[in-house]
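So you can see what is in the structure, the chains are spelled out below.
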Amino acid sequence: MQLSTVFADLGQCSKSLSLWRAAQLLLLLQLVIKSEAQNVDSSLFYSAGVVEFRPTLVGTSSEILADHLNAYIDIITSPEANDLDIIVFPEGTLNNNFHLTYVPSPGQNIIPCLHSGNESSSLYADFFIQLSCTAQKVRKYLVINLTEKQDCLPPHLDPRPCATNGLNIFNTNVVFDREGRVISRYRKVNVYVENKNTTLQPEYAIFDTDFGVRFGHFICFDMLFYTPAEELVQRYGLTDFIFTSLFYSELPFLSATQLQQGWAWGNNVNLLAAGASFPRTGTTGTGIYSGPDREAMSVMVTSGDGERKLYKARVRKIATGDFKEEEKLAQSDTHLPHRDEQPIQVPSTSGHLPGIRLLKDPQIESFQSILLTNDTKIFEKICHDDFCCEFSIWTQPLQVPSNKTAYKYRMGVFSGSRTYEKDQRNNIKVCAIYTCRNEDPASCGELLESNEFYTDLYMDYIMVKGKFPKARELLIMPSTLDADLNPLGGQEVGWKNEPQKNPPTLSEQQQQPQQQLAKQSTKA
């Protein structure tokens, strides 16, 4: 059995999702909380930076490329980056189909910077050479995502039809070492509504560093599938990952940073995630994550045109094993909230995320769900086909001004196939509590138009349990979401898996003293 328990301050919404044949439990919480930094010995961590990067949308293709390249180099050479070992840039924010480059395979041991000005330089675009030289200059590992060209392979190596121009076009991650050498190349396996080629067989990208960490890396949509993302964990046993993305967030279960943290927590790995930043199209989401008992950071830009900013953190090397706090988590369910302390309803004063476009789960109405009432204690077992979840919730009624609209909540269960904006599917099982604009299930996963958030329910205790069948291609993961579309940190949410002989069970529990809740903003 796998037992996973989540503790938090206030559950405004709880939800779940699973990938491929994955089963996951997600708890959507409306909180704004900061976690305390850990003091770690320098020999036990490495310094990493991830970039939230706003692409330029106006200008000629040459002007846009020049702007992106100059901004990349400015960030890499900035004083803020001086102490970093590795810097990660997001997907789709460098070049385009009008300015392509060849990329050498790692086995060629090529430093593109050394090819500037000679005959072979025609293979590599100038922007590619400049980034190699910049990595060499600052002596840092760089991970960039670019649009790559490759001459079509002969039919005996790839029997698929080739384009009339004789080229394959790939969505590609490239890793430069401190010498500017290409030490890893990964071509995206799971392309998402993009006109790109894929390799005949999936690629698995792994590289070693001189600071003692072995990384795997993949791109955006890949995270939702067993190959290659989860396979790098299970098949290769890696503990540190790099994720480049241009991710379109979806409510209530698939916003960028909640998925990133959930994947890292579910696998108990370190994840460096860099996101493209243009919230008006729903693309944003950057963070550095570890397991639930280790410090993490994340950002979702929810207004304006996005940003170009370097975020950095000291990342604990998992191999050291000095951070484990299982005993503390195991004992943390002994304190339940006091029922006689009344929370205060606090309206939001900072608006209701007007600057970000969010997709909505197209299958949310297919959930078997029950409207959450203001009963003092709620105990429900909800089943969708043969998959059942148990909900235990303590609530208290809250007063809502007569001229204000309050969110409603549903306990929902789903078991079935999840489709995306193309012919790719995952089998998922979901146990969730999630917000709705009103009592209609069709309104779930949608934001109110009001600039203030209200709810007529306060939940001071939540536990959700689900039993999931065993499967090789399986990930059980938690996910949380606060008022600014960021996940809660490990100081607020406890998560622990306990493998046992029975089918895996996932439980999620929320509990904290209510007096802390009165200080929290409650915007949606």
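1. Notes on the overall build of the protein chain
In step 1: When helices and strands are tallied, the protein chain shows 5 helices and 22 strands.
In step 2: Within the span of the protein chain, comprising 524 residues, buried residues form 59% of the whole.
In step 3: If you take every contact in the protein chain between residues at least 6 apart in sequence, the share linking residues at least 24 apart comes to 77%.
In step 4: Total accessible area on the protein chain stands at roughly 20900 Å², and carbon and sulfur atoms take up 47% of it.

2. Topic: the state of the cysteines
In step 1: Scanning all chains against the criterion turns up 5 disulfides.
In step 2: The partner cysteine of C113 in its disulfide is C133, sulfur to sulfur 2.0 Å. On the sign convention where negative means left-handed, the S-S torsion of about 100° between C113 and C133 marks this disulfide as right-handed. One end of the pair, C113, is in the loop between β3 (86-88) and α2 (126-138); the other, C133, is in helix α2, with 20 residues separating them in the sequence.
In step 3: Within the protein chain, bonded cysteines paired by disulfides and numbered along the sequence follow the pattern 1-2, 3-4, 5-6, 7-8, 9-10.

3. A closer look at the pattern of salt bridges
In step 1: Evaluation of the coordinates by the stated rule reveals 19 salt bridges.
In step 2: The partner of R160 in a salt bridge is D158, and the shortest N-O contact between them spans 2.9 Å.
In step 3: One network of salt bridges, with partners in common, ties together D85, R178 and D210.

4. Some details on the sheet that holds strand β13 (residues 297-299)
In step 1: Spatially, β7-β8-β9-β11-β12-β13 is the arrangement adopted by the 6 strands of the open sheet, whose pairing is mixed. Each end of this open sheet is capped by a strand with a single partner; those strands are β7 (205-208) and β13. Strand after strand, the sheet turns through a mean of 20° between neighbouring axes, direction not considered.
In step 2: Here strand β9 (residues 240-245) pairs with strand β11 (residues 270-275) via 6 bridges, running parallel. Each bridged residue has a counterpart across the sheet, and for S245 the counterpart in β11 is G275.
In step 3: Relative to the sheet, helix α3 (residues 226-234) contacts β7, β8 (214-219) and β9, its axis offset from that of β8 by approximately 160°.
In step 4: In this fold helix α4 (residues 256-267) packs onto β8, β9, β11, β12 (286-289) and β13, with an angle of close to 15° to the strand it touches most, β12.

5. Some words on the packing of helix α1 (residues 61-76) against α2
Two quantities define a packed helix pair, namely the angle between the axes and the distance from one axis to the other.
In step 1: It is at 10 Å that the axes of α1 and α2 come closest, and there the two elements cross at 5°. Relative to α2, the element α1 is oriented roughly parallel. Residue-level inspection shows L65, L69, Y72, I73 and I76 of α1 in contact with α2, the latter providing F127, Q130, L131, T134 and V138.
In step 2: Split by residue class, the contact of α1 with α2 holds 8 nonpolar, 2 polar and no charged.

6. Notes on the pairing of strand β18 (residues 387-397)
In step 1: Within β18, 8 of the 11 residues are buried, which leaves the element mostly enclosed by the surrounding structure.
In step 2: Where strand β17 (residues 377-384) and β18 come together, 8 bridges link them in antiparallel fashion. Of the residues in β18, the one forming a bridge with I382 is C389.
In step 3: In sequence, β17 turns back onto β18 through a hairpin of 2 residues, with D385 there showing a positive phi of about 60°.

7. Remarks on the side chain of R418
In step 1: Along the chain, R418 falls in strand β19 (residues 408-420).
In step 2: Apart from the residues within four sequence positions on either side, R418 is in contact with E250, L254, D361, P362, Q363, Q424, R425, N426 and I428.

8. Remarks on the confidence of the model for the protein chain
In step 1: Taken residue by residue, the protein chain gives an average pLDDT of 81. The fraction at 70 or more is 77%.
In step 2: Confidence drops under a pLDDT of 50 for residues 1-40, and excluding neighbours within four residues, the segment shows 244 contacts in the predicted structure.
In step 3: Every residue in residues 322-351 is under pLDDT 50, and counting partners more than four places away or in other chains gives 71 contacts.

9. Looking at α1
In step 1: With 16 residues, α1 extends 23 Å between its outermost C-alpha atoms, agreeing within 8% with the 22 Å of an ideal straight helix rising 1.5 Å per residue.
In step 2: For α1, the complete set of buried residues consists of I64, L65, H68, L69, A71, Y72, I73, I75 and I76.
In step 3: Elements that come into contact with the buried residues of α1 comprise β2 (45-52), β3, α2, β4 (141-151) and β14 (309-316).

10. Observations regarding the nonpolar core
In step 1: In terms of nonpolar packing, the biggest core is built from 36 residues, with F218, F241, W263 and L271 touching the most fellow members.
In step 2: Elements that contribute at least two residues to this core include exactly β8, α3, β9, α4 and β11.
In step 3: Here the element with the most residues in this core is α4; it accounts for 4 residues.
In step 4: L271 has contacts with M223, F241, F243, Q260, W263, A264, G287, I288 and Y289, leaving out every residue within four places of it along the chain.
In step 5: L94, L100, L146 and V182 belong to the second-largest nonpolar core, a separate cluster that totals 35 residues.

11. A closer look at the sheet that holds β3
Strand pairing in a sheet takes place through backbone hydrogen bonds and is either antiparallel or parallel in direction.
In step 1: Strand order in this open sheet of 6 strands is β6-β5-β4-β3-β2-β14, and the pairing throughout is mixed. Among the strands making up the open sheet, the edge pair consists of β6 (182-187) and β14. Shown here is a sheet whose adjacent strand axes are inclined to one another by a mean of 30°, direction ignored.
In step 2: For β4 and strand β5 (residues 167-176), the ladder comprises 10 bridges, and the chain directions are antiparallel. Pairing of K149 across the sheet is with I169, part of β5.

Calculation notes
Residue positions are given per chain, counted from 1 along the sequence in the order it is written. Under the rules for a predicted model, residues below a pLDDT of 70 receive no local features and side-chain atom pairs below 80 are neither given nor counted, while totals for whole chains, interfaces and linings still include all residues. Side-chain numbers come from the whole structure's heavy atoms, not from hydrogens or water. Helix and strand assignments follow DSSP, with helices taken as H or I runs no shorter than four residues and strands as E runs no shorter than two, numbered in order from the N terminus. We call a residue buried when its accessible area falls under 20% of the maximum for its residue type, exposed when it is over 50%, and partly exposed in between, using a 1.4 Å probe and counting protein chains only. Throughout, a residue-residue contact means that at least one pair of heavy atoms, one from each residue, lies within 4.5 Å. Note on areas: Shrake-Rupley, 1.4 Å probe, and residue coverage restricted to the protein chains presented here. For the purposes of this analysis, a disulfide is any pair of cysteine sulfur atoms at a distance within 2.5 Å. Salt bridges are identified by distance alone: a Lys or Arg side-chain nitrogen within 4 Å of an Asp or Glu carboxyl oxygen. Two strands qualify as a pair provided that DSSP identifies no fewer than 2 bridges between them. Only the contacting stretch of a helix is used when fitting its axis, a line to C-alpha atoms as for every element, and angles between N-to-C directions run 0 to 180 degrees. These descriptions rest on fixed angle ranges, namely under 35 degrees for roughly parallel, over 145 for roughly antiparallel, 65 to 115 for roughly perpendicular, and the rest for oblique. When residues are grouped by polarity, Ala, Val, Leu, Ile, Met, Phe, Trp, Tyr, Cys and Pro land in nonpolar, Asp, Glu, Lys and Arg in charged, and all others, Gly among them, in polar. In predicted models, pLDDT denotes the confidence assigned by the predictor to each residue on a 0 to 100 scale. Here a helix's expected span is defined as the number of its residues, less one, multiplied by 1.5 Å. What we call a nonpolar core is a set of buried Ala, Val, Leu, Ile, Met, Phe, Trp, Tyr and Cys residues that are connected through their side-chain atoms within 4.5 Å.

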